[in-house]
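Listed here are the chains, written in short residue letters.
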Amino acid sequence: MSRKDPRREAEEYLEQHNIRGLFKHLSTKLLFAKPEDPKMFLVDELRKVYDCQKDNQPIPSMFEDKDLVAMYGMFDVTGSGKISHKQVAQAMRNLGIDDYEAPSEEKVDLATFKAIAREELDKIALRMPAIE
């Protein structure tokens, strides 16, 4: 008679439902926003996650367009309108993207930077299992 390993079952459950990713997403959003009512904030955030899950969509990044513009501005200190791919790679690390590889050595303007950032953020976006 074989017994199921409770630790293994728990690990499989956490993996199957992406619970670690969900908790990381919720705690990051909570600490970033620091809302007056954290419980209501979490309820609202869980509703957003559920809606995305229903539509089989990734949960949007917490970084808005204005955040990406500000990040770009931190690297374009001279206001030239272009930053190096080395600076783009550092900006990606600042956004939590550690494995960005610059495709070329060309300088990058704001529109290209935002497109790169959105694409990279989408790769690491929280995805929940589809609702059956």
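What counts, and where the lines are drawn
Residues numbered from 1 in each chain as written. Predicted model: local features only at pLDDT ≥ 70, side-chain atom pairs only at ≥ 80, totals over all residues. Heavy atoms only, no water. Core = buried A, V, L, I, M, F, W, Y, C linked by side-chain atoms within 4.5 Å. Buried < 20%, exposed > 50% of the residue type's maximum accessible area, 1.4 Å probe, protein only. Helix = DSSP H or I, 4+ residues; strand = E, 2+ residues; numbered from the N terminus. Contact = heavy atoms within 4.5 Å. Phe/Tyr/Trp six-rings, centres within 6.5 Å; stacked < 30°, edge-to-face > 60°.

**Here we look at the nonpolar core**
Soluble globular proteins tend to bury their nonpolar side chains together.
Right, so step 1: By size, the foremost hydrophobic cluster in this structure holds 18 residues, and its most contacted members are Leu 68, Ile 83, Val 88, Met 92, Leu 95, Tyr 100 and Phe 113.
Right, so step 2: For this core, the elements supplying multiple residues, two or more each, are α4 (65–75), α5 (85–94) and α6 (110–123).
Right, so step 3: Sequence-distant contacts of Leu 68, defined by excluding residues within four places in its chain, comprise Phe 63, Leu 95, Phe 113, Lys 114, Ala 117, Arg 118 and Leu 121.
Right, so step 4: Judged by nonpolar contacts, the second largest core, of seven residues, contains Leu 22, Cys 52, Ile 59 and Leu 126.

**Thoughts on the side chain of His 85**
Right, so step 1: Examined against the element boundaries, His 85 turns out to sit in helix α5.
Right, so step 2: With residues near it in sequence (within four places) discarded, His 85 still touches Tyr 100, Ala 102, Pro 103, Ser 104, Glu 105, Glu 106, Val 108 and Ile 116.

**Describing the side chain of Glu 45**
Right, so step 1: Along the chain, Glu 45 turns up in helix α3 (residues 38–54).
Right, so step 2: Assessed through its relative accessible area of 3%, Glu 45 is described here as buried.
Right, so step 3: If sequence neighbours within four positions are ignored, Glu 45 has contacts with His 25, Leu 26 and Lys 29.

**Details of the packing of aromatic side chains**
Right, so step 1: Inspection of the entire model under this criterion finds one aromatic pair.
Right, so step 2: For the ring pair Tyr 72 and Phe 113, a centre distance of 5.5 Å and an interplane angle of 50 degrees mean the geometry is tilted. Placement of the pair is Tyr 72 in helix α4 and Phe 113 in helix α6, with a sequence separation of 41 residues.
Right, so step 3: Looking at Phe 113, the relative accessible area reads 0%, which means it is buried.

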